[in-house]
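# Structural features, examined
Okay, here's what each chain looks like letter by letter:
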Amino acid sequence: MLIIIHSETNRHTIAQNLGRSEYSYYFVLKEYRPVLERIGQVVEVADPQTEVDALYLECLSRGEPCVFLSFSPPHRTPVHLACPTLPVFAWEFSTIPNEPFAGEPRNDWRSVLHACGAAITHSSYTVNAVQEAMGAEYPIVAVPAPVWDRFAARGAKVPEQPLAAAYSLTIKGLVADSRTLNLNAFGPAHLRSGEGIDFAAPACEQTLVLDGVVYTSVFNPGDGRKNWEDMLSAFCVCFRDVEDATLVLKLTHHDAEEALSDILHHLYKNQSYRCRIVLIYGYLADPDYEQLVQATRYVVNTSYGEGQCLPLMEFMSCGKPAVAPRTTAMIDYLSTANAFLIESTDELTAWPHDPRKAFRTLRYVTNWTSLCEAYRASYDVAKNQPQRYADMSAQAVDSLQAFCSQAVAEQRLRGFLTQLFEHRAPALEAPQA
């Protein structure tokens, strides 16, 4: 079997695309690739329009099965190719787009999914949303990005050390530490005083030392789903008088000033607090990323919804319990055994690519009081209940192995693709526009 793969962002464009729309599909493709290579020959293409059908016709001539996996949301998935095409996509809303808008028929995902005949996604939540729109028999499988093997191996190399231990990271980039910043430089424009941050300065190496009870979140601050404002404000309130509580925000973005400015303003607004907030914008080499993982006691997520949430999966695979809501894709792997769960309520919202901003779906809003309770309970466990923490850590590793290991991904993908080919289902007929 020949498996053709493509994402709009690739290894040549990822640096300038960080934080832009759909950039994370490249990371999913990278995690899928070693599993796909166990199933068939894999060819990554740069231009599907010119490369995919040529490869497909070669396969037809020798009777070899061929499929094109487009790592893209359905509205960016080609439907006019002769080669059987399956979108591989993430989704975190209660309904899929089921009407055309902005002059683009593919914005009605049902038309694309019907043309392709089958699809691959990352959670049971998305499977349910698709089958609600397409019918219960629509062929779709949930295969999370298989990150567990790589990150569980990292976790094994960084065994748990006493809470009092200090961890040193070398960062090439920008570090903003609430304990050394002049926060008055980030207030309202007419009230600012003192020296802020020179965002135009060249990136330089600096050392960051972390200790105490460290909470870490990795996200793109430009992604409106992440709801970092609640994460930050609740932390500052809960730990206003707690010096050994630290929140590390590792920011993924292509522009330092755009990534940090709003968060720095929120650091100013949430004063005063004795807890520590650290913003990291820059590259972490593997040894330093491992040090960040080792220093972390809890990985935090307060988003309105997740298609899968790779950072949460990665840290939990390393044995770090979560503070997070059990919604959307997180339903599949979070529990009271491996996380401090945050309550949430649903509210109307728009599909993110709908320029009309029409209310057509639901997102999930964090209960701020519940978030505070989760912070306090998790801190108490880290400080005073080492056995419970160890049990939660072990449960995190086991749960993520069952959810996103390479073995699970291979079994699901192999079975799904084999069934589609063997039965000659309409799913693998050439898509029709």
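Whatever comes next refers back to the structure up there.
What counts and what doesn't
Residues numbered from 1 in each chain as written. Predicted model: local features only at pLDDT ≥ 70, side-chain atom pairs only at ≥ 80, totals over all residues. Heavy atoms only, no water. Helix = DSSP H or I, 4+ residues; strand = E, 2+ residues; numbered from the N terminus. Rg over C-alpha atoms; globule rule 2.2 N^0.38 Å. Buried < 20%, exposed > 50% of the residue type's maximum accessible area, 1.4 Å probe, protein only. Areas by Shrake-Rupley, 256 points an atom, 1.4 Å probe, with all protein chains shown as cover. Lys, Arg positive; Asp, Glu negative; His and termini not counted. Charge placed at Lys NZ, Arg CZ, Asp CG, Glu CD. Phe/Tyr/Trp six-rings, centres within 6.5 Å; stacked < 30°, edge-to-face > 60°. Core = buried A, V, L, I, M, F, W, Y, C linked by side-chain atoms within 4.5 Å. Contact = heavy atoms within 4.5 Å. Axes fitted to C-alpha atoms, helices over the stretch in contact; angles between N-to-C directions. Parallel < 35°, antiparallel > 145°, perpendicular 65-115°, else oblique. Left-handed = near helix turned anticlockwise from the far one by under 90°. Nonpolar A, V, L, I, M, F, W, Y, C, P; charged D, E, K, R; others polar. Salt bridge = Lys/Arg side-chain N within 4 Å of Asp/Glu carboxyl O. Pairing = 2+ DSSP bridges.

Turning next to the overall build of the protein chain. A tally of regular secondary structure across the protein chain gives 13 helices and 16 strands. The globule rule puts the C-alpha radius of gyration for 433 residues at 22 Å, and the 23 Å found for the protein chain is close to it. Considering only C-alpha atoms, the protein chain reaches an extent of 70 × 50 × 40 Å along its principal axes. Relative to its 433 residues, the protein chain shows a buried fraction of 57%. For the protein chain, the computed accessible surface area is about 18,000 Å², with 49% contributed by carbon and sulfur atoms. Across the protein chain, the centroid of the 35 positively charged side chains sits 2 Å from that of the 50 negatively charged ones.

With that out of the way, let us pick up the packing of aromatic side chains. Following the criterion strictly, the structure yields 20 aromatic pairs and no others. Relative to Trp-109, the ring of Phe-89 lies with its centre 5.4 Å away and its plane at 80 degrees, an arrangement referred to as edge-to-face. Of this pair, Phe-89 sits in the loop between strand 4 (85–88) and helix 4 (109–116) while Trp-109 sits in helix 4, placing them 20 residues apart in sequence. Arranged with centres 5.6 Å apart and planes meeting at 80 degrees, the rings of Tyr-298 and Tyr-389 form a pair that is edge-to-face. Separated by 91 residues along the polypeptide, Tyr-298 in strand 12 (residues 296–300) and Tyr-389 in helix 12 (residues 386–404) bring together distant segments of the chain.

By size, the foremost hydrophobic cluster in this structure holds 79 residues, and its most contacted members are Leu-69, Phe-71, Ile-120 and Tyr-333. The dominant element in this core, judged by the number of residues it contributes, is helix 2 (residues 24–39), at seven residues. In contact with Phe-71, other than residues within four places in its own chain, are Ile-5, His-6, Ser-7, Tyr-25, Val-28, Leu-29, Tyr-32, Leu-36 and Val-88. In this structure, Phe-186, Trp-228, Cys-275 and Leu-279 belong to the second largest nonpolar core, which totals 47 residues.

A few words now on the packing of helix 7 (residues 228–238) against helix 11 (residues 368–384). Contact geometry for helix 7 and helix 11: axes closest at 9 Å, N-to-C directions at 55 degrees. In this view, helix 7 runs oblique relative to helix 11, as classed from their interaxial angle. Note on packing geometry: the crossing formed by helix 7 with helix 11 is right-handed. Residues Asp-230, Met-231, Ser-233, Ala-234, Phe-235, Val-237 and Cys-238 of helix 7 lie in contact with helix 11, whose contacting residues are Trp-368, Leu-371, Cys-372, Tyr-375 and Arg-376. Here the residues of the contact of helix 7 with helix 11 sort into nine nonpolar, one polar and two charged.

A few words on the packing of helix 2 against helix 13 (residues 406–422). At a closest axis distance of 9 Å, the pairing of helix 2 and helix 13 adopts a crossing angle of 50 degrees. As summarised for this structure, helix 2 and helix 13 are arranged oblique, according to the angle between their axes. Considering only the axes of helix 2 and helix 13, their crossing is right-handed. Residues Tyr-32, Pro-34, Val-35, Leu-36, Arg-38 and Ile-39 of helix 2 lie in contact with helix 13, whose contacting residues are Gln-406, Ala-409, Glu-410, Leu-413 and Arg-414. Each residue belonging to the contact of helix 2 with helix 13 can be placed in one class, and the counts come to seven nonpolar, one polar and three charged.

Scanning all chains against the criterion turns up 21 salt bridges. Glu-8 is paired through a salt bridge with Arg-76; the nearest N and O atoms lie 2.7 Å apart. Placement of the pair is Glu-8 in the loop between strand 1 (2–6) and helix 1 (14–17) and Arg-76 in the loop between strand 3 (66–71) and strand 4, with a sequence separation of 68 residues. Under the relative-accessibility criterion, Glu-8 is labelled partly exposed at 41%. Taking the shortest distance from any N to any O, the salt bridge between Asp-108 and Arg-110 comes out at 3.0 Å. On the basis of relative accessibility, which here comes to 9%, the residue Asp-108 falls in the buried class. Residue classification places Arg-110 among the partly exposed residues on the basis of a relative accessible area of 33%.

Okay, the pairing of strand 1 next. Here strand 1 lies mainly inside the structure; five of its five residues are buried. Of the two faces of strand 1, the one holding Leu-2, Ile-4 and His-6 and the one holding Ile-3 and Ile-5 are both buried throughout. The pairing of strand 1 with strand 2 (residues 41–44) spans four bridges and is classified as parallel. Paired with Ile-3 across the two strands is Val-42, which belongs to strand 2.

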